[in-house]
Amino acid sequence: MFDHITLRVSDFVAASAAYRPLLAVVGTDVSSDDEQLIEWGDFGLSPADAEHPATTGVHVGLVAADTGLIDAFWRAGLDAGLADDGAPGPRTGYGADSRGLRPLDYYGGFLRDHDGNSIEACVHGKSGPPGVVDHVWVRVADAAASRDFYAAIAPFTGFALVLDEPRIARFRGPSASFTVLEEGPPSANLHMAFPAGADAVVRDFHAAALAAGARDNGAPGERPVYHPGYYGAFVLDPDGQNVEVVNHHR
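A short tour of the structure in this document, coming up. Only a predicted model underlies this, so the values are computations on that prediction, with no experimental measurement involved.

**Observations regarding the overall build of the chain**
When you go through the chain residue by residue, the secondary structure sums to four helices and 16 strands. Every one of the 250 residues in the chain was classed for burial, and the buried ones make up 50%. Within the chain, contacts between residues separated by at least 24 positions form 62% of all contacts whose residues are at least 6 apart in sequence. Working note: accessible area of the chain is about 10500 Å², and carbon and sulfur atoms make up 54% of it. Charge separation in the chain, taken as the distance between the mean sites of 17 positive and 34 negative side-chain charges, equals 5 Å.

**Re the sheet that holds strand 7 (residues 107–112)**
The eight strands are arranged 6-7-8-5-9-12-11-10 in an open sheet whose pairing can be described as mixed. At either end of the open sheet lies a strand with only one pairing partner, and these are strand 6 (83–90) and strand 10 (160–165). Within the sheet, the average angular offset between the axes of one strand and its neighbour, ignoring direction, is 15 degrees. The sheet contact formed by strand 5 (residues 58–63) and strand 9 (residues 133–139) spans five bridges and is antiparallel. Note that in strand 9 the partner of Val60 across the bridge is Val136. Together, strand 5, strand 6, strand 7 and strand 8 (118–123) form the strand contacts of helix 2 (residues 67–79), whose direction differs from that of strand 7 by roughly 10 degrees.

**Some points on the nonpolar core**
Buried together is how nonpolar side chains tend to be arranged in soluble globular proteins. If you look at the biggest cluster of nonpolar residues, it comprises 58 residues, and the most contacted ones within it are Phe2, Phe43, Leu45 and Phe178. Counting residues per element, this core draws most heavily on helix 1 (residues 12–25), at six residues. When residues no more than four places from it in sequence are discounted, the contact partners of Phe43 are Ile5, Leu7, Tyr19, Leu23, Ile38, Val60, Leu62 and Val133.

**Notes on the packing of helix 1 against helix 2**
Where helix 1 meets helix 2, the closest approach of the two axes is 9 Å, and the angle between their N-to-C directions is 170 degrees. The angle between helix 1 and helix 2 places the two elements in the roughly antiparallel class. Residues Pro21, Leu22 and Val25 of helix 1 pack against Leu69, Ala72, Phe73, Ala76 and Gly77 of helix 2. Residue composition of the contact of helix 1 with helix 2, by class: seven nonpolar, one polar and no charged.

**Quick word on the sheet that holds strand 4 (residues 43–47)**
Reading across from one edge, 2-3-4-1-13-16-15-14 is the order of the eight strands in this open sheet, with mixed pairing throughout. One side of each edge strand has no neighbouring strand; the edge strands of this open sheet are strand 2 (32–33) and strand 14 (215–222). Set on the sheet, helix 1 makes contact with strand 1 (4–9), strand 2, strand 3 (38–40) and strand 4; between it and strand 4 the angle comes to about 165 degrees.

**Some remarks on the packing of helix 3 (residues 143–157) against helix 4 (residues 199–211)**
Packing of helix 3 against helix 4 brings their axes to within 9 Å, and their N-to-C directions diverge by 165 degrees. The pairing of helix 3 with helix 4 is recorded here as roughly antiparallel in orientation. Here helix 3 runs over helix 4; the crossing is right-handed. For the pair helix 3 and helix 4, contact is made by Phe149, Ala152, Ile153 and Phe156 and by Val201, Asp204, Phe205, Ala208 and Ala209, respectively. When grouped by side-chain class, the residues that make up the contact of helix 3 with helix 4 number eight nonpolar, no polar and one charged.

**Description of the side chain of Glu39**
Topologically, Glu39 is positioned in strand 3. Residue contacts for Glu39: discarding those within four places in its chain leaves His4, Asp29, Val30, Ser31, Ser32 and Gly44.

**Some remarks on helix 4**
With 13 residues, helix 4 should reach 18 Å at 1.5 Å per residue; the first-to-last C-alpha distance of 19 Å fits that figure. Taken together, the buried positions of helix 4 are Val202, Phe205, His206, Ala208 and Ala209. Where helix 4 is buried, its residues contact helix 3, strand 14, strand 15 (230–236) and strand 16 (242–248). Phi turns positive, to about 100 degrees, at Gly213, one or two residues after helix 4.

The rules we used
Residues numbered from 1 in each chain as written. Predicted model: local features only at pLDDT ≥ 70, side-chain atom pairs only at ≥ 80, totals over all residues. Heavy atoms only, no water. Helix = DSSP H or I, 4+ residues; strand = E, 2+ residues; numbered from the N terminus. Buried < 20%, exposed > 50% of the residue type's maximum accessible area, 1.4 Å probe, protein only. Contact = heavy atoms within 4.5 Å. Areas by Shrake-Rupley, 256 points an atom, 1.4 Å probe, with all protein chains shown as cover. Lys, Arg positive; Asp, Glu negative; His and termini not counted. Charge placed at Lys NZ, Arg CZ, Asp CG, Glu CD. Pairing = 2+ DSSP bridges. Axes fitted to C-alpha atoms, helices over the stretch in contact; angles between N-to-C directions. Core = buried A, V, L, I, M, F, W, Y, C linked by side-chain atoms within 4.5 Å. Parallel < 35°, antiparallel > 145°, perpendicular 65-115°, else oblique. Nonpolar A, V, L, I, M, F, W, Y, C, P; charged D, E, K, R; others polar. Left-handed = near helix turned anticlockwise from the far one by under 90°. Expected span 1.5 Å × (residues − 1).

Have a look at this one:
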């Protein structure tokens, strides 16, 4: 699972208003709500600024309890002013591959937000509990470089390499996955955080990431601005995405 996925948005007020009905449909309550962040469990929005531009070109899939809620999610998005990115229905092309990584019973509905990100509600045989992030797809400049980076930090994120093919690599955790794909313009300005059970894991992640060529974006340490006991470290991946491992130890 992810600790949290955060998208920077160019219009925080408009994006928050558009996303609220979507997350309500899939059954996720607002867990944090202020001028700088709105979160629904492991998914959140934050306003873009000069230092932190808007997230673009990312695909996020959210788990829904059933196909009827996916239909409602898609209609709610259109009503909120988001663009159609794929009407709800079975996705037979997402059938299981030779490694059994993709379920045969996949049903999804897709929307495009105002910054060009693709947002989906889905349900399938391997999905986790309703309302959580099921998967993230990120377009990259060099799939092999991204694969090598995420493989190097896999012992600390809990997401192991499960698919390795030219131009695409997939990593899977206990109930979620993320995929790097070399196709089209790279995604930009995503924040992706993974949970840890100890501060030492955070420190080891940071050291391994720097050894793998990542750029430091925040040394291991307490971040009381988030909450007491928030111990995290941040690096930038080969495409500049902000990757974090965090231990909420209080």
